[in-house]
Every structure is written in structure tokens, then in C-alpha cells.
Amino acid sequence: MKSICSGWEFVKDPTDAFLKTDEAAPGAVTVRLPHTVALSPLHYAAPEDYAGVFGYRRKIVISDLSKRYFLRFDGAAHAAELFVNGKKAGEHFCGYTCFRAEITDFIREGENLVSVRLDTTERADVPPFGFMMDYLGYGGLYREAWLEERGSTCIESVLFDADDRGRLTILETTLSGEAKRARYEVWDGDSLVAEREEDAEKRGVLIECGGVIPWSPETPKLYELKVSVYGENGDMLDEYSARFGFRTALFKADGFYLNGKKTFLRGLNRHQCWPYIGYAAPKSLQYEDARILKEELCLTAVRTSHYPQSQSFIDACDELGLLVFTELPGWQHIGDEKWKERSVENVREMVLQYRHHPSIILWGVRINESPDDDEFYRKTNEAAHALDPTRATSGVRCFQKSHLLEDVYAYNDFTHSGSNAGCRKKKKVTPDMGKALLISEHNGHMFPTKPFDNSARRQENALRHARVLDAAYSDGEHAGCFGWCMFDYATHKDFGSGDRVCYHGVTDLFRNPKLSAATYRSQGGEPFLEIGSSMDIGDYPAGILGEVFIFTNADEVDLYRNDRFVTTLRPKKAGLPHPPIALDDVVGGLLAEDEGYKGKKERLVRESLNAAAKYGMDGLPLSDKLKMARCMLFHGLTYDDGTRLYGKYVGNWGGVMTTWRFDAKIGGKVVVSKTRGPSRKLRLEVKASSTELFEGDIYDMAAVRIRLVDENGMTASYAQLPVKLELTGEAELIGPDTVTAEGGMTGTFIKTVGKKGAAKLTVSTPQTEPVTLEFEVK
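What counts and what doesn't
- Residues numbered from 1 in each chain as written.
- Predicted model: local features only at pLDDT ≥ 70, side-chain atom pairs only at ≥ 80, totals over all residues.
- Heavy atoms only, no water.
- Helix = DSSP H or I, 4+ residues; strand = E, 2+ residues; numbered from the N terminus.
- Rg over C-alpha atoms; globule rule 2.2 N^0.38 Å.
- Buried < 20%, exposed > 50% of the residue type's maximum accessible area, 1.4 Å probe, protein only.
- Contact = heavy atoms within 4.5 Å.
- Lys, Arg positive; Asp, Glu negative; His and termini not counted.
- Charge placed at Lys NZ, Arg CZ, Asp CG, Glu CD.
- Salt bridge = Lys/Arg side-chain N within 4 Å of Asp/Glu carboxyl O.
- Expected span 1.5 Å × (residues − 1).
- Arc of directions from axis to C-beta.
- Pairing = 2+ DSSP bridges.
- Patch = residues over 30% accessible without salt bridge, like charges linked within 9 Å, V, L, I, M, F, W, Y side chains within 5 Å.
- Areas by Shrake-Rupley, 256 points an atom, 1.4 Å probe, with all protein chains shown as cover.
- Right-handed = clockwise from strand over helix to strand, strands pointing away.
- Phe/Tyr/Trp six-rings, centres within 6.5 Å; stacked < 30°, edge-to-face > 60°.
- Lys NZ or Arg CZ within 6 Å of the ring centre and 35° of its normal.

*Asks:* Let's hear about the overall build of the protein chain: which residues, and what values?
*Replies:* A count of helical and extended segments in the protein chain gives 11 helices and 48 strands. For 778 residues, the compact-globule estimate of 2.2 N^0.38 gives 28 Å, and the C-alpha radius of gyration of the protein chain, at 29 Å, lies within 12% of that figure. For the protein chain, the spread of C-alpha atoms along the principal axes amounts to about 100 × 60 × 50 Å. Expressed as a percentage of the 778 residues in the protein chain, the buried residues total 59%. Sequence separation of at least 24 residues holds for 67% of the intrachain contacts in the protein chain that already meet a minimum separation of 6. Positive and negative charge centroids in the protein chain, built from 99 and 114 side chains respectively, lie 5 Å apart.

See the structure below:
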């Protein structure tokens, strides 16, 4: 298979002459794939930015007419017509699955003209379109393209199952043409693990592989299956290969089991878009998203909402050990009969194109959040099971007691509003208690949170994720829980925060972490600590912090005030492996040190209630009055007689700000330490996904995340400073060269330009020293 990603001519509103001849086209530019038809702004993006009809063309050279030839486009958004030497050779009506067409009958020896007419508008006859939806579709040949050269007999696909005990079963080998024998080999790198030869048409071929390592999030071990088919005279006719993992994935009534072990699916939803470039990202950025999900957010799973995503992204999930719930394209809307037929075909394409990936454990065969349509969904479910009997099916709903035709009930549980239960009980949701239940979305639009929101809102956003996770872990009834969502994203005018951005992510558009990311990262194995507040009283009404939470996977956290030990904080027992720790016992720790407080407990309670009344909390329950009053007293408010409770301990309005230190300890040893206190000097933190880029037929890119931090290493959330980006050398900057640090964070992208060499990116602001990154292009 040969990459044909370079040398494409691109034009808007292509003429027949452009598509069917090599006549010069005014305004045409040369581009490489993956390609977006137009860059989009960070804010106020809209379909009008990219909607229209566009043309792509290039020449391919054919030297052997005895072969069969196929063109494959991994992503053509959204309705494509393919022409070869001026004749129509195929069409495709889905921007999210691969488009493959045989062109053998259209080619000649030597140069051949290949062209694509691409309609990027939201056509009502093409899923997922037809009504409003909460994401943008973008447009372009936004994934890779390939030329396949095959023999007269082709291996179209191989359906196989590889369980955790090392048994690989060839369920079916689909051939185009005739073959006599088939040889199956399992490889571990350069080492042959097992082999077997059988009749080419035989099904159920069992290959026993001893000593294999089962694939799992902890050990994502990959092997390679090689299949060769032979004719009567022993000549090899065609070859097929696929990476795979030995694993057994089962959904049962009480949850999900991987290799016999009950495994909670802790995940997030992910769109496939980036600032400026929309969907058009190379392998390196796809891998980086998977890496962030696994290594920075410490997830075990991801849902590819609301469509199949790049093979490169799923490859990365295979390599890193992320379990995947993928689904057909759609969002709430079900179209007419022709639309439904295309949607069923989308399911077939999805399953055939992705079923060899060990990371995929669940097929989504319902349009996200759509109403019941038993006839339609019976067809989508049957299509998935017919092409892959080894995996379970599901479909995402936003209502209870839906008709359950699939194997797993997936429910968008948005019931948590801050003070109620984290999620609904299983018996309230599903009509079949004998099948598994998972939460496919939670939070998101229920509590949108921007990086520059105040501390209390950012902390509450993180806590809401924690509460839903804790409830799902605790009840033992949920197979998993997928939060909404990985990052903020551009959307239609009907959604978002006025600027057409949905601030639903645990990271911003550039994948910089918000505080809510700490809920997930604290569940990982690497020592981690984050504080839910800057401890700046001016960020809170009346200067009252209220409860502050610590997000950590440590055993305990020692708290110091101005280097003086105050107390040790420990997590309370919960379903979530590492729940947030509240600083609710700090007052007691401080008061215990106050000689003047001894014996004054009754007075504290009485004056706390008086303070509650004074600050308008009469309508609250007694427990809430005491909690709020305690927080007020903690921060230096006075008794009715005017004497200060313990102002000498805690910084308050009119007092000197306190410096707090948090020492996270595992096994009695400090593993992470964080300080919160006064700071005035800012510095830039600039991180690139890679500083080593690789040129080829496909360009390469690096994502650059930029953060303003204070002297204590805390994100300067209110430093909305202009950030200047200067790039020199053999690369180009994608997006503007001056951006704003929103919530103290921003980013950019570096793209190769077809040359090897070096490039330098200098990032600067008016209040920091500049930072320079050096890139090498190979």
C-alpha cells in the first residue's frame, strides 16, 4: 500500500475541466493530506467557514496492468465523488469511515488523473446531518489516502478472535478471487510464535499460541497475524497482516470483565477536532491525544463520540492500552429511509474497518441520544453482530427504560446537579437487569467551566466529576463511566457560550488541563497532588474560601501554615479509589493550638450560629449553618463582642496573606509538595508534544501547550496576557502569531513544510522571560 498524500491540487467550486482533465485551474493550490478546506478561528467558528464544494486532483503512475488497483481515502468529509481519467469511479456518503474503490477498469499504463469532488455541506441525506448537532463537521480529505496494488485474488478481510489464553481462531477469510491454501502465522516482533496451513475457505481454524502475554491497559502487548493465500501450483497470490492482542472482553450484568478480571471503565468522551485545523491532523497529533488520555488523565477507556475516529488514534489506543467504545456517526436525529440505509452501511463499514483492534470492546449501533426506532436499530445491531460476533453492542440513550435490543445499556446520566446523588440506580434506568449498564456521558453541559472562571466554580466542576465517578464505582452496578468530555470544542450557534465554544472539557481546546483534570489524574499510579484553590480570599465572596479540596493519590497530606505544621489530612473511605480530601478539619487543628480557645466550644457554636444569621443563612439546615459559619470563623471573622477568634493564624481581609504548604506522603515519605501563597512573578511553561519531527509523503506536526504559572508553579488563571509566537526555520506556524492566554493557558501548532532542517519557536509575553523551543525536522 502506497501513500498518496502529497501533490494534490485543491480548488473551491471545481469545474468539470478540473475534475476530468489536467487543464490548468485558476486559483488552485498544492496541498498535502490530511487537509482541511479552511482554517477555523478559535472562537466564533461556524459551518460557513468550511461549507461548500471543493475539488482535489493529482496524478498516479501505473506500471503493471496485470494487477488490480484500489484507492482508499481514510476520511473524506462528507459526500465524495471519485473520478479516474475523467470517468466516475465511485462515491461515498460518510465523512467518518474509510472510502475504498477499485479503479482497475479505469486506469491505463503510465500517468492517470485521480480527482475527488467533495461536498462539505451538512447535507440532510448524509448522516449525521439533517438537524442541529452539538459539534462541527469540518471538511476536507482530512485523513490519509492510499493506492493499493493487488493480485487477481485478494484477501478482502480476515475475521478472527484471540482470547487471553493464547487461542487464535480464524472465523472467516473473505477472498475476492480463488485460492487453494491459506497459511496463518502469528509473530511477536521478529519471532514466529505459531503457524498453521489449511484450505483457504476453511472456517474455525484454531491456532494455539503458548506463552503469550494477554493484552490489557497494564500490559498492551501486541502481536501480528500474517495470512498468505496460495493457488493450485503453490504460487502466493496475496498477503494480509494485522496487529492484534490476545484478550477476552465480556460484559456481564454486574460489569465489564477483561481477561476474567472485573474492570471499571474510567473514561472520557473525545471529539477528533483541534483548533484551527478542524479534523485534519496527522498520526503524531492523534497519538498525542491518546497519550494524554492514558498518561496525563490516567484513564482506562475512551468513547469516540460521536463517530469512528482515525485509525492512527485507535492504533495508539492499541499501543498504550486504552479500551475503546466506538460508534456510528450521529447526534439525536434520525433521517428518512435513505438516511437510515446509509447509517446501516456506516455500521458495516465501521465494524469491517476497525474490528482487528484489540482496544475496541464495544460497538455503538444507535444514533447518540436518539429516540427508539426498533426496526432501524434491529438492522444496525444485526449488522454489527453479523460482521463481528466477538464483541458486544450498545447504543447511547439520554432517557430511561429505552427498548434494549443491544447487549449493553449505555445511558447519558446528567442527573447530578451538585447536591444530589451522583447517578441513578440501575433499576431506575434499564429495562433489563440481566444486562450491563454504563454511563456514557455525565457533567459537560450541566456545569460548563472555563479556564478563567473563579476558583469556586473550577473546584465544583472537578468535584462533580468525582461525585459521579464515586457513585458509579460504589454501587457495583455500573460497568463504567465516561465523562463529558476530554477537551473544550467548537460547536454550532445553537450551543456553546456565545462564542460557539462548548466549555465542557477537563482540558481546554489545546489540551491544557483544567482543575477537573485532577479528578482523573489523581486516580493514576504516579504520585500526584493538586489543590482546589489558590487560597486567595479575594477570589471568594466576603473573603470566605468555604471548603477547599485536595486531589491526590497519596496516603495523606501534611498541611503547614507559614512552615508551621497544622494537621494531617487523609481521604475518607469511598468507592472512588482516590477521592478528593476536604480541608474541613483544619479549623479544629488550628483551634486546638489556640490556648485561648480551650474550654470555649459552647461559645464557638453559639457565635457560629449568630454569624450564620448575620450573613443571611437562616434558611439553611443547622448542619449547613454550622459548616458555613465555621468557614467564616476559620477565615478570621469576629465574635459578636468584637474579639477576633484566631486571626493570628489565618490570613483574612485586612490581615497578612498566609503561605500554605501541602506535603503529599506515600508510605510516610513526601512524594509531592505544593505551595499556595503570595506571588508576583510569572513565568512561561512551554511544552511540545515532540521536538523531533519527521517529513515524508505525509507532513508532521507538533502540538505546543503554553501556560503562565506563578512562583509556586500554579496556573495564573487570571493572567489573560497577549502571547507572541515567533517561528524561524524549516517549519510553519498554524494559527495566528499573537494569541491570548485564556485562563493563563493557550497553545499553537508547528507543521513541517517538506524540508529537513531545524526550526525555532520563541514564545513571549510582556510580563515574562521568553522561552525558545528548538525543533529538528528529519
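Still more to cover.
*Asks:* Lay out the pattern of salt bridges with the relevant residues and their values.
*Replies:* Scanning all chains against the criterion turns up 59 salt bridges. The salt bridge partner of aspartate 163 is arginine 167, with a shortest N-O separation of 2.9 Å. Aspartate 163 sits in the buried class, given a relative accessible area of 11%. Looking at arginine 167, the relative accessible area reads 31%, which means it is partly exposed.

*Asks:* Before we move on, could you go through helix α5 (residues 374-387) and cite the residues and values that matter?
*Replies:* Here α5 spans 20 Å end to end across 14 residues, near enough to the 20 Å set by a 1.5 Å rise per residue. Those residues of α5 that sit buried are Phe376, Tyr377, Thr380, Asn381, Ala383 and Ala384. The buried residues of α5 all sit within an arc of 155 degrees when viewed along its axis, so they share a single face. In α5, those exposed residues whose orientation departs by more than 90 degrees from the buried face are Glu375 and Ala386. In this structure, the buried residues of α5 make contact with α4 (337-354), β26 (360-364) and β27 (392-397).

*Asks:* So, the pairing of strand β28 (residues 408-412): which residues are in play, and what are the values?
*Replies:* Burial of β28 is extensive: 5 of the 5 residues sit out of reach of the surface. Examined bridge by bridge, β27 and β28 share 4 bridges and lie parallel to one another. Following the sheet pairing, valine 396 is matched in β28 by alanine 410. Direction of pairing for β28 relative to strand β29 (residues 436-441): parallel, over a ladder of 5 bridges. Within β29, the residue paired with tyrosine 411 across the bridge is isoleucine 439.

*Asks:* I'd like a rundown of a positive patch on the surface, residues and numbers included.
*Replies:* A contiguous patch of positive charge, built from Lys401, Lys425, Lys427 and Lys428, is present on the exposed surface. On the secondary structure map, lysine 427 appears in helix α6 (residues 426-429). The exposure class of lysine 427 is exposed, given its relative accessible area of 58%.

*Asks:* Give me the lowdown on the pairing of strand β30 (residues 478-483), citing residues and values where you can.
*Replies:* When you tally the buried positions in β30, you get 6 out of 6 residues, the bulk of the element. As paired elements, strand β23 (residues 265-269) and β30 share 4 bridges and run parallel to each other. In the sheet register, arginine 266 faces β30, and the bridge partner there is cysteine 481. Pairing geometry for β29 and β30, over 2 bridges, is parallel. Bridge pairing in β30 places leucine 437 opposite histidine 478. One crossover worth recording links β29 to the parallel β30 by way of helix α7 (residues 455-475), and it is right-handed.

*Asks:* Account for the packing of aromatic side chains, with residues named and values stated.
*Replies:* Within the structure shown, the criterion is met by 25 aromatic pairs. Residues tyrosine 138 and tyrosine 279 carry aromatic rings whose centres are separated by 5.1 Å and whose planes lie at 65 degrees to one another, so their mutual orientation is edge-to-face. On the criterion of sequence distance, the pair formed by tyrosine 138 in the loop between β10 (110-119) and β11 (140-141) and tyrosine 279 in the loop between β23 and α2 (283-296) is long-range, its members being 141 residues apart. Each member of the pair, tyrosine 138 as well as tyrosine 279, carries the same accessibility label: buried. Where tyrosine 560 meets phenylalanine 565, the ring centres are 5.6 Å apart and the plane angle is 70 degrees; that geometry is what we call edge-to-face. Residue tyrosine 560 is classed as buried on the basis of its relative accessible area, which comes to 17%. In textbook terms, an aromatic cluster arises when at least three aromatic residues are bridged by ring pairs, as seen for Tyr50, Tyr96, Tyr135, Tyr138, Tyr142, Tyr279 and Tyr307. Taking NZ or CZ as reference, arginine 270 lies 3.9 Å from the ring centre of phenylalanine 313, over its face. Sitting above the plane of the phenylalanine 325 ring, arginine 303 keeps its charged end 5.8 Å from the centroid.

These values are about where atoms sit, not about what they do.
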